[in-house]
Amino acid sequence: MNLRLFVCAYGDHLGLYEAAAVRSLSQPLNRAALASGTILSLYSDAAGIDRAAAASEVLGCTIERHVMDFSGDAYDNQMKAFLEEVKACVQTDATMIMVSPDNFWGDGSLPNLLDAAGERNACIAVPHVRVDEAKFLKWIVSHPLGATAEGEWVFPPIDNPALVDLALRTLHPSW
């Protein structure tokens, strides 16, 4: 399976990308699901592309950099990046996984999603609860993050039952 991770991270979203998406995808089971040859298709602005790419290196993917002007309407800009990525996926017969900067994936979620999709043409949407960003990130960041001598991140895995528990303890007030 050709796999492309679509990431759109710029401005204020860079910190979320580092704290949530990258940390969660670098957990052992999720990281192991990123097969050799996986493309991380990174859309950012000129000011953030190097930071986003550096944060992404821990995932071990080939990083394609796409520098865009994200001034103006955020929806229109993100849609332009999304459509460009859809086109790349069609041209390369690749499966696209959307990686939102503020989504935290439980360890094992990525391989389970890929198993559910299989080799068929499918679109899978997974609902998730909304958490209070400050409370959630405070908990995530308070758990130690280090590096081995080889430069790999060390982060205690958060499996899906633990993630559900954390999400329920840090629910957004709208819930």
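Preceding block: the structure.
First things first, this report covers the structure right here in the doc.

What counts and how
- Numbers given to residues run from 1 along each chain, matching the order in which its sequence is written.
- Side-chain atom pairs in this predicted model are given and counted only at pLDDT of 80 or more, local residue features only at pLDDT of at least 70, and totals for whole chains, interfaces and linings cover all residues.
- Calculated side-chain values reflect all of the structure's heavy atoms, with hydrogen atoms and water omitted.
- Each helix corresponds to a stretch of at least 4 residues labelled H or I by DSSP, and each strand to a stretch of at least 2 residues labelled E; elements are numbered beginning at the N terminus.
- Our radius of gyration looks at C-alpha atoms and nothing else; its globule reference is 2.2 Å times the residue count to the power 0.38.
- Each residue gets one of three labels from its accessible area relative to the maximum for its type: buried under 20%, exposed over 50%, partly exposed in between, using a 1.4 Å probe on protein chains only.
- Note on contacts: a residue pair qualifies if any of its non-hydrogen atoms lie within 4.5 Å across the two residues.
- Only the protein chains shown count as cover for residues, and the accessible areas themselves come from Shrake-Rupley with a 1.4 Å probe.
- Neither His nor the chain termini are counted; the positive set is Lys and Arg, and the negative set is Asp and Glu.
- Positions of charges follow a simple convention, taking NZ of Lys, CZ of Arg, CG of Asp or CD of Glu.
- Interaxial angle, 0 to 180 degrees, is taken between N-to-C directions of lines fitted to C-alpha atoms, where a helix line uses only the stretch in contact.
- Comment on the angle field: the value is read as roughly parallel under 35 degrees, roughly antiparallel over 145, roughly perpendicular from 65 to 115, and oblique elsewhere.
- In this scheme, a crossing is called left-handed if the near helix is turned counterclockwise away from the far one by less than a right angle; it is called right-handed if the turn is clockwise.
- Residue type decides the class: Asp, Glu, Lys and Arg count as charged, Ala, Val, Leu, Ile, Met, Phe, Trp, Tyr, Cys and Pro as nonpolar, and the leftover types, Gly among them, as polar.
- One side-chain nitrogen of Lys or Arg within 4 Å of one carboxyl oxygen of Asp or Glu is enough to make a salt bridge.
- The criterion for strand pairing is that DSSP finds at least two bridges linking the strands in question.
- By convention a nonpolar core is built from buried Ala, Val, Leu, Ile, Met, Phe, Trp, Tyr and Cys residues, the set being connected through side-chain atoms within 4.5 Å.

A look at the overall build of the protein
A count of helices and strands for the protein gives 7 helices and 6 strands. Tracing the protein from N to C terminus, the helices and strands come up as β-α-α-β-α-β-α-β-α-α-β-β-α. For the protein, the C-alpha radius of gyration of 16 Å lies close to 16 Å, the compact-globule estimate for 175 residues. Looking at the protein as a whole, 41% of its 175 residues are labelled buried. Within the protein, residue pairs in contact and separated by at least 24 positions form 73% of the contacts whose partners lie at least 6 positions apart. Summed over all atoms, the accessible surface of the protein reaches about 9,800 Å², with 55% contributed by carbon and sulfur. The averaged location of the 22 negative side-chain charges in the protein is 4 Å from the averaged location of its 12 positive side-chain charges.

Some thoughts on the packing of helix H6 (residues 133-142) against helix H7 (residues 160-169)
Where H6 contacts H7, the two axes come as close as 9 Å, and the packing angle between them is 135°. Overall, the two elements H6 and H7 adopt an arrangement that is oblique. For the element pair H6 and H7, the recorded crossing hand is right-handed. Two secondary-structure elements touch here, H6 through Phe136, Trp139 and Ile140 and H7 through Leu163, Leu166 and Arg169. Looking at the contact of H6 with H7 residue by residue, the classes come out as 5 nonpolar, no polar and 1 charged.

Describing the pattern of salt bridges
Close approach of charged atoms allows side chains of opposite charge to pair. All told, the structure shown has 5 salt bridges when counted by the stated rule. Arg4 is the salt-bridge partner of Glu85, the closest N and O atoms lying 2.5 Å from each other. Of the two residues, Glu85 sits in helix H4 (residues 74-92) while Arg4 sits in strand S1 (residues 2-8), which places them 81 residues apart along the sequence. For the pair formed by Glu85 and Arg4, the shared burial category is buried.

A short note on the sheet that holds strand S3 (residues 62-67)
Within a sheet, neighbouring strands are paired by backbone hydrogen bonds and run either parallel or antiparallel to one another. Taken in spatial order, the 4 strands make up an open sheet running S3-S2-S1-S4, and their pairing is parallel. Two strands close off the open sheet at either side, each with one partner strand: S3 and strand S4 (94-99). Taken pair by pair, the neighbouring strands of this sheet meet at an average axis angle of 25°, ignoring direction. Here strand S2 (residues 39-44) runs beside S3; their pairing, made up of 6 bridges, is parallel. Of the residues in S3, the one forming a bridge with Ile39 is Thr62. Taken strand by strand, helix H1 (residues 13-25) contacts S1, S2 and S4, and its axis lies near 125° from that of S4.

A word on the environment of Gln78
The topology assignment puts Gln78 in helix H4. On a C-alpha basis, the gap between Gln78 and Trp175 in space is 26 Å, while along the polypeptide they are 97 residues apart. If sequence neighbours within four positions are ignored, Gln78 has contacts with Cys8 and Tyr10.

Quick look at the nonpolar core
Counting residues in each nonpolar core, the largest one holds 26 residues, and the members touching the most others are Tyr17, Leu40, Leu59, Ile97, Val99 and Leu110. A per-element tally of this core places H1 first, with 5 residues. Beyond its immediate sequence surroundings of up to four residues, Val99 is in contact with Leu5, Phe6, Val7, Cys8, Tyr17, Ala21 and Leu25. One finds Phe104, Phe136, Ile140 and Leu166 within the second-largest nonpolar core, a separate group that totals 10 residues.

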